[in-house]
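What follows is the residue order along each chain.
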Amino acid sequence: LRSASCARNKGPILEGCECSTCSQGFSRGYIHHLLNCNEMLAEVLLEAHNTHHMMLFFESIRKSIERGKFDEYKSKLLSNV
């Protein structure tokens, strides 16, 4: 997002993302601007986005454990690394 290629990008951080940052319309270009101006709001928006995805990740881990499929989940996850 610090890259100059993001400066005029009107899209969300991640297309289809439902986090508060992306769903409220904060664009890559706007976050790029905030980062370059050292605005604290950039960090807040990025933290909200990242926390949303970490919560989804841990939710999927919990569900795989509940279904007794954690080993399969782990193998699939690690095969994509």
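These lines cover the structure that appears in this document, whether it is placed above or below.

Here we take up the state of the cysteines. Evaluation of the coordinates by the stated rule reveals zero disulfides. With no disulfide of its own, C6 lies 12 Å from the sulfur of C22, the closest cysteine sulfur. In this structure C17 is not part of a disulfide, and its nearest cysteine sulfur, from C19, lies 3.5 Å away. Residue C17 is classed as buried on the basis of its relative accessible area, which comes to 11%.

A cluster of nonpolar side chains, namely Y30, M40, L41 and V44, defines an oily patch on the protein surface of about 380 Å² accessible area. Looking at the nonpolar patch, the element that brings in the most residues is helix α3 (residues 40-66), giving three residues. With respect to the helices and strands, the residue V44 is situated in helix α3. For V44, a relative accessible area of 46% corresponds to the partly exposed category.

This brings us to the packing of α3 against helix α4 (residues 70-79). Viewed as axis vectors pointing N to C, α3 and α4 meet at an angle of 140°, and their least axial separation amounts to 7 Å. Relative to α4, the element α3 lies oblique. Along the contact surface, α3 presents F57, S60, I61, S64 and I65, while α4 presents F70, Y73 and L77. For the contact of α3 with α4, a count of residues per class yields six nonpolar, two polar and no charged.

What counts, and where the lines are drawn
Residues numbered from 1 in each chain as written. Predicted model: local features only at pLDDT ≥ 70, side-chain atom pairs only at ≥ 80, totals over all residues. Heavy atoms only, no water. Disulfide = S-S within 2.5 Å. Buried < 20%, exposed > 50% of the residue type's maximum accessible area, 1.4 Å probe, protein only. Patch = residues over 30% accessible without salt bridge, like charges linked within 9 Å, V, L, I, M, F, W, Y side chains within 5 Å. Areas by Shrake-Rupley, 256 points an atom, 1.4 Å probe, with all protein chains shown as cover. Salt bridge = Lys/Arg side-chain N within 4 Å of Asp/Glu carboxyl O. Helix = DSSP H or I, 4+ residues; strand = E, 2+ residues; numbered from the N terminus. Axes fitted to C-alpha atoms, helices over the stretch in contact; angles between N-to-C directions. Parallel < 35°, antiparallel > 145°, perpendicular 65-115°, else oblique. Contact = heavy atoms within 4.5 Å. Nonpolar A, V, L, I, M, F, W, Y, C, P; charged D, E, K, R; others polar.

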